[in-house]
Amino acid sequence: MCAHGKNLYNTIKMEIGKYSFGIGDRFGHQGKAQLSALLKAKETGIEIVPVWNKSNREHGIVGTSPADVKTEADESVKSLGWSGEYHVDADHINLSNVDPYIEHSDFFTIDVADYILEPADADKKNAFLQHNRKYIGELNIPGISKSYQITEELLTEIADKYLYATQKAAEIYRHISSIKGEGLFIPEVSMDEVADPQSPVELFFILGALAEEKLPLQTIAPKFTGRFNKGVDYEGDIQQFEKEFEEDLLLIDFAVKTFGLPGNLKLSVHSGSDKFSIYPVIGRLIKKYDKGIHVKTAGTTWLEEIIGLAAAEGEALELAKKVYRNAFERQEALCAPYAAVIDINPEALPSPGSVDGWSSDKFADTLRHIPGHPDYNSSFRQLIHVGYKVAAELGDEYYNKLEKYAGIIGQNVEENIFERHLKRLFDL
Ligand SMILES: [Zn+2]
């Protein structure tokens, strides 16, 4: 069935494990606490591969470089005696910014969102249409009861929307590959930061086009239905999500066989932290079909730093309040780059003056993501989430406190990942 006479699986020399968890760490101090959550999961019998991810935007704001993430990962692994696989993810890169990551990363999230709807070459488009005309009519995917109606118009629409993006993904892949060596890193393609979700049938033809370009994809991050706001729960129709997620799993299986894509190809859920209401759905479905998953968290470890500081009381709590005050005063500028992925209700934000009077518990409980807790405030949480620039600007004032209160902060980081995320996702 493979269209290329070559199974792309055979080119892989580095293969990501079945379950993996993307741990962003904006300020680079929590690697060990994050890893200890995965060690705890391992003790319960489930192996989850840690992937330290940091985007170009985060590096720019915090003033770090890709080498720092690699150092953090290596040191955490060494100090905790982690014997398993781990990776460093160049998160949301493209051709213009990938170079500084190549030496220090072995997982590349190739972001093609900006290339969607750009026109592909006429020749390429014709080849795509010719190739896929055999699917015109009813497309049946094993395990999915309904059939998909494929028409010339639909194929043309998919080509116009996604073909150029798949070619750019391959161009970026080849560039990385020419430096790192073929098969020696994990390629992910992401198209999550766009307005419209990709339908399962679109995803099928996108995978076909990526295979045609000989990109040995191991993870794919589509935009799912519903809102994946940063650091808060899923908002949308859970039943619709479940239906599409299940279809995506089945069609990936079918695409792997049809196009000769790597057999470990799995879905990657971006902005995946805190999506508590869909974790049981994801967990149940990947178990049902014996599939892997990559969940990329949205850098919420930094919120645990603020929670830990609040919990430490005294000068640490004062610093947490100062961060909120600054974030509150600059909310417009801080929110702008994240406008598409946050939903803050300004009326729900407490005034900095009233927050100044809060106890340690009140501050921590307002920020900590415990659904149903009377003090939990998702607007407060989202504002602090995008406010990490404030802490970055505080420089040593912030870093010194991170070090001074490392114990209590680390406890919060570990508990957040293990208790609230991994337990729900993997039913531990
Ligand atoms: Zn993403």
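Predicted model only: the values in this text are computed from it and were never measured.

Enquirer: Can you help me understand the domain arrangement of the chain in this one?
Expert: For interface size, the figure often reported is the accessible area lost on association. When the domains of the chain are assigned, the result is domain 1 (8–17 + 85–299) and domain 2 (302–412). Across the contact, ten residues belong to domain 1 and twelve residues belong to domain 2. Of the residues belonging to the side of domain 1 that touches domain 2, the class tally is three nonpolar, four polar and three charged.

Enquirer: Would you take a moment to explain the confidence of the model for the chain for this structure?
Expert: When pLDDT is low, close inspection of the predicted coordinates is not appropriate. Residues at a pLDDT of 70 or more form 99% of the chain, whose mean pLDDT is 95. The low-confidence segment residues 1–5 (pLDDT under 50) makes nine contacts with residues lying over four places distant or belonging to another chain.

Enquirer: Help me understand the packing of helix α1 (residues 31–43) against helix α3 (residues 66–80), please; the structure alone is not making it clear to me.
Expert: Each pair of packed helices can be described by the angle between their axes along with the distance between the axes. Contact pair α1 / α3: the axes reach a minimum separation of 9 Å and the direction vectors enclose 55°. Regarding the angle of α1 to α3, the classification is oblique. As for how α1 packs across α3, the hand of that crossing is right-handed. Taking contact as the criterion, the partners of G31, K32, L35, S36 and L39 in α1 are, on α3, E72, A73, E75, S76, V77, S79 and L80. Tallied by class, the residues present in the contact of α1 with α3 amount to five nonpolar, four polar and three charged.

Enquirer: Sorry if this is basic, but what is going on with the pairing of strand β2 (residues 49–55) here?
Expert: A regular strand carries its side chains on alternate faces of the sheet. Judged by how many residues are buried, β2 sits mostly within the fold: six of seven residues are covered. Bridge count between strand β1 (residues 19–24) and β2: five bridges; the pairing is parallel. Residue pairing for β2: S20 is matched across the bridge by V49. Between the parallel elements β1 and β2, the chain passes through α1 in a crossover that is right-handed. Examined bridge by bridge, β2 and strand β3 (residues 87–93) share five bridges and lie parallel to one another. Along β3, the bridge assignment pairs K54 with A90.

Enquirer: Just checking my understanding: could you explain helix α6 (residues 152–180) for this structure?
Expert: Since the α-helix turns once every 3.6 residues, residues separated by three or four places project in the same direction. Between the first and last C-alpha of α6 there are 39 Å, a value that for 29 residues agrees with the 42 Å anticipated at 1.5 Å per step. Maximum bend of α6: about 45°, positioned at Y162. Once α6 ends, the next one or two residues include G181, with phi positive near 105°.

Enquirer: Looking at this structure, I do not really get the nonpolar core. What am I missing?
Expert: Generally speaking, soluble globular proteins have nonpolar side chains that are buried together. Residues A169 and L210 are the most contacted members of the largest nonpolar core, which totals 118 residues. With twelve residues, the top contributor of residues to this core is α6. Inspection of this core shows a minimum of three residues originating in each of domain 1 (8–17 + 85–299) and domain 2 (302–412). Residues in contact with L210, not counting those within four places in the same chain, are T166, A169, A170, V189, L215 and L217.

Enquirer: Just checking my understanding: could you explain the sheet that holds β2 for this structure?
Expert: Within a beta sheet, neighbouring strands are joined by backbone hydrogen bonds and run either parallel or antiparallel to one another. With parallel pairing, eight strands are arranged side by side around a closed barrel as β1-β2-β3-β4-β7-β8-β9-β10. Recorded for the sheet is a direction-independent mean angle of 25° between the axes of neighbouring strands. Pairing between strand β8 (residues 219–221) and strand β9 (residues 266–269): two bridges, direction parallel. In the strand pairing of β9, T219 is matched with K266. Along the sheet, α6 makes contact with β4 (107–111) and β7 (186–190), crossing β4 at roughly 150°.

Rules used throughout
Residues numbered from 1 in each chain as written. Predicted model: local features only at pLDDT ≥ 70, side-chain atom pairs only at ≥ 80, totals over all residues. Domains from an automatic or database assignment. Contact = placed C-beta atoms within 7 Å. Nonpolar A, V, L, I, M, F, W, Y, C, P; charged D, E, K, R; others polar. pLDDT = per-residue confidence, 0-100. Axes fitted to C-alpha atoms, helices over the stretch in contact; angles between N-to-C directions. Helix = DSSP H or I, 4+ residues; strand = E, 2+ residues; numbered from the N terminus. Parallel < 35°, antiparallel > 145°, perpendicular 65-115°, else oblique. Left-handed = near helix turned anticlockwise from the far one by under 90°. Buried ≥ 20, exposed ≤ 12 C-beta atoms within 10 Å, placed from the backbone. Pairing = 2+ DSSP bridges. Right-handed = clockwise from strand over helix to strand, strands pointing away. Expected span 1.5 Å × (residues − 1). Bend = angle between axes of the 7 residues up to and from the residue. Core = buried A, V, L, I, M, F, W, Y, C linked by C-beta atoms within 7 Å.

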